[in-house]
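Coordinate inspection notes
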Amino acid sequence: MFDVMESRGDMLGWEAVGRLDMPQGFCTGALIGRDLVLTAAHCVYDTATRQPYPARGMTFRAGYHHGSAITERRVERWAVPERYAAELAAGGSMTSGTAVATDVALLKLEQPVSSAEADPFRIHETPSPGTGVSVVSYGRGREEVLSRQPDCELTERYRDDILGFDCDVTFGSSGAPVFVRENARLRILSVISSGNAGGEAFGPSLPALVSELRQRLNREDARPKVTSGARRITVGGSNRDGIGARFVKP
């Protein structure tokens, strides 16, 4: 069962979750910093060509609701784990164990989002199987409104820190934050990478990957700016091969 946020009032506290629009579709993303959006790595790649999307072709719409957003920001650049980029470059599947275990992207926005507009979420360490979680996303058939599945669980922790959930996910749920409650506050445990016909969804453990990507983006900030007109684009249990159908963006 989904709680569909039909009115703006229903979205109170969820303003930092938004729709990430790209040339070929959309995913769900969430702010984890004033100018940082967390989503799935496969969202920033063209599904047919396996080529990365240019950052400037992406827009994050925080609190998107029936055609309007609380605020919108274009993406300046993004980073994915080097292991993910290498897996795709070698011709590996986007649903291989290696890909799902590293299916995280961190997007740097052109301008920060103010605290009056949305408060970013924090990342959570992985709890034990059986812990209750919830997923908030823009899924197919409800892509104009945010919806939440409040009652699902972390079912398994596979090798390489792949997490399994019994959450009902679909197209458009790619990159959606998986939340866990800690001391009455919501923290992001994972992002939706893929799912299978058996009703299981999969996503990576976040702390180490997000730390790596933050550091890379920070190093980019510290480098001298390119002034010649060129623009640099940064790309980046059991290990379950073919772990599930990756969600193709509508």
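Right above here is the structure, for reference.
Here the structure is a predicted model, which is why all the values come from computation and not from measurement.

Attention now goes to the state of the cysteines. Linking two cysteines covalently via their sulfur atoms produces the bond known as a disulfide. Within the structure shown, the criterion is met by two disulfides. Disulfide pairing is shown between cysteine 27 and cysteine 43; the S-S distance is 2.1 Å. Negative torsions about the S-S bond denote left-handed disulfides, and the value of about -95° found for cysteine 27 with cysteine 43 makes this one left-handed. Here the residue cysteine 27 occupies a position in strand E3 (residues 25-33), and cysteine 43 occupies one in the loop between strand E4 (36-39) and strand E5 (59-62), the gap between them amounting to 16 residues. Two residues share a disulfide in this structure: cysteine 152 and cysteine 167, whose sulfurs sit 2.2 Å from each other. On the S-S bond that ties cysteine 152 to cysteine 167, the torsion sits near 85°, and the link is right-handed. Separated by 15 residues along the polypeptide, cysteine 152 in strand E10 (residues 147-158) and cysteine 167 in the loop between strand E11 (162-165) and strand E12 (177-182) bring together distant segments of the chain. There is no split in this pair, since cysteine 152 and cysteine 167 are both buried. Indicated for the chain is the disulfide connectivity 1-2, 3-4, based on numbering the bonded cysteines in sequence order.

This part takes up helix H1 (residues 82-89). When H1 is considered as a whole, its buried residues turn out to be Tyr84, Ala85, Glu87 and Leu88. For H1, the buried positions fall inside an angular range of 160° around the axis, keeping them on one side. Exposed and facing more than 90 degrees away from the buried side of H1 are Glu82 and Ala89. If you follow the buried residues of H1, they end up packed against helix H2 (97-101).

With respect to the element layout, aspartate 35 can be found in the loop between E3 and E4. Judged by its relative accessible area of 19%, aspartate 35 falls in the buried class. Within polar-contact distance, the side chain of aspartate 35 engages the side chain of lysine 108 at 2.8 Å. Contact partners of aspartate 35, with chain neighbours within four places excluded, come to Leu107, Lys108, Leu109 and Pro112.

How each quantity is defined
Per chain, residues are indexed from 1 in the order of the written sequence. Totals for whole chains, interfaces and linings use all residues, but because this is a predicted model, local features are given only for residues with pLDDT of at least 70 and pairs of side-chain atoms are given and counted only at 80 or more. As a convention, hydrogens and water are excluded, and side-chain values are obtained from all of the structure's heavy atoms. Cysteine sulfur atoms are paired as a disulfide whenever they fall within 2.5 Å. Working definition: helices are DSSP H or I runs of at least four residues, strands are E runs of at least two. Numbering for both runs from the N terminus. Accessibility here uses a 1.4 Å probe with only protein chains present; expressed as a share of the type maximum, an area under 20% marks a residue as buried, one over 50% as exposed, and anything in between as partly exposed. The arc in question is formed by the directions pointing from the helix axis toward the C-beta atoms. Whether two residues are in contact is decided by their heavy atoms, any of which lying within 4.5 Å being enough. Here a polar contact means two N or O atoms within 3.5 Å. Within protein one must be a hydrogen donor candidate and the other an acceptor candidate, and residues neighboring in sequence count only if both atoms are side-chain atoms.

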